[in-house]
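Listed here are the chains, written in short residue letters.
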Amino acid sequence: MITKHGPAPRRFASATVPRHLARGALGFGALAGALALLPTLGPLALLLVPVGLVALRGCPMCWVMGLAETVSAGRLRRTCADGRCELTATR
């Protein structure tokens, strides 16, 4: 997205798709681990929840939005001229 001051920052995207997928594996793994270990470790297992949320940058939906931003980074370009904006694919 282009603003008056240049490109808007990517808020949820990672530098690369593999890095983003690694963050997702860590985040979802920590959340699943917290639930799976709850019967054996009790409340101590809930310490994995903050780890998972930090890795996902807040919530699972934030991670999905970041995945879309990471995949589309550099593939779409928005240009505005004469009060009209167009979205074009870069190749």
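Just so it is clear, the structure is predicted and the values come from calculations on it, not from any experiment. (Residues numbered from 1 in each chain as written. Predicted model: local features only at pLDDT ≥ 70, side-chain atom pairs only at ≥ 80, totals over all residues. Heavy atoms only, no water.)

1. Regarding the overall build of the protein
Okay, so step 1: Counting secondary structure elements, the protein contains three helices and four strands.
Okay, so step 2: Each helix and strand of the protein, placed in order from N terminus to C terminus, yields the pattern β-β-α-α-α-β-β.
Okay, so step 3: A buried classification covers 21% of the 91 residues belonging to the protein.
Okay, so step 4: Residue pairs in contact within the protein that sit at least 24 positions apart in sequence constitute 51% of those at least 6 positions apart. (Helix = DSSP H or I, 4+ residues; strand = E, 2+ residues; numbered from the N terminus. Buried < 20%, exposed > 50% of the residue type's maximum accessible area, 1.4 Å probe, protein only. Contact = heavy atoms within 4.5 Å.)

2. Notes on the pattern of salt bridges
Okay, so step 1: Scanning all chains against the criterion turns up one salt bridge.
Okay, so step 2: Put simply, E86 and R84 hold a salt bridge, and the shortest N to O gap is 3.8 Å.
Okay, so step 3: Given a relative accessible area of 59%, R84 falls into the exposed group. (Salt bridge = Lys/Arg side-chain N within 4 Å of Asp/Glu carboxyl O.)

3. Considering a nonpolar patch on the surface
Okay, so step 1: Taken together, the side chains of L26, L37, L41, L44, L47, L48 and V51 present a nonpolar region at the surface, about 620 Å² in accessible area.
Okay, so step 2: Going through the elements one at a time, α1 (17-41) and α2 (48-55) are the ones with two or more residues in the nonpolar patch.
Okay, so step 3: At three residues, the largest contribution of residues to the nonpolar patch is made by α1.
Okay, so step 4: Topologically, L47 is positioned in the loop between α1 and α2. (Patch = residues over 30% accessible without salt bridge, like charges linked within 9 Å, V, L, I, M, F, W, Y side chains within 5 Å. Areas by Shrake-Rupley, 256 points an atom, 1.4 Å probe, with all protein chains shown as cover.)

4. Regarding helix α3 (residues 60-72)
Okay, so step 1: The first and last C-alpha atoms of α3 sit 19 Å apart over 13 residues, in line with the 18 Å expected at 1.5 Å per residue.
Okay, so step 2: If you follow the buried residues of α3, they end up packed against α1. (Expected span 1.5 Å × (residues − 1).)

5. Considering the side chain of T70
Okay, so step 1: When you line up the elements, T70 lands in helix α3.
Okay, so step 2: Reaching out from T70, the side chain makes a polar contact with the backbone oxygen of G66 at a distance of 2.7 Å.
Okay, so step 3: The residues contacting T70, other than those within four sequence positions of it, are A13, S14, T16, V17 and H20. (Polar contact = N/O pair within 3.5 Å; in protein donor to acceptor, adjacent residues only side chain to side chain.)

6. What to know about the environment of C59
Okay, so step 1: Structurally, C59 can be placed in the loop between α2 and α3.
Okay, so step 2: Residue classification places C59 among the partly exposed positions, given a relative accessible area of 23%.
Okay, so step 3: For the pair C59 and F28, spaced 31 residues apart in sequence, the C-alpha separation works out to 10.0 Å.

7. Things to note about the pairing of strand β3 (residues 76-81)
Okay, so step 1: Here six bridges tie β3 to strand β4 (residues 84-89), and the two strands are oriented antiparallel to one another. Residue pairing across strands places R77 opposite T88, the latter belonging to β4. (Pairing = 2+ DSSP bridges.)

8. Here we look at the packing of α1 against α3
Okay, so step 1: Relative to each other, α1 and α3 sit at 170°, their axes nearing to 10 Å. Overall, the two elements α1 and α3 adopt an arrangement that is roughly antiparallel. For the pair formed by α1 and α3, the contact residues are V17, H20, L21, R23, G24 and F28 on the first element and P60, W63, G66, L67, T70 and V71 on the second.
Okay, so step 2: Residues that form the contact of α1 with α3 fall into these classes: seven nonpolar, four polar and one charged. (Axes fitted to C-alpha atoms, helices over the stretch in contact; angles between N-to-C directions. Parallel < 35°, antiparallel > 145°, perpendicular 65-115°, else oblique. Nonpolar A, V, L, I, M, F, W, Y, C, P; charged D, E, K, R; others polar.)

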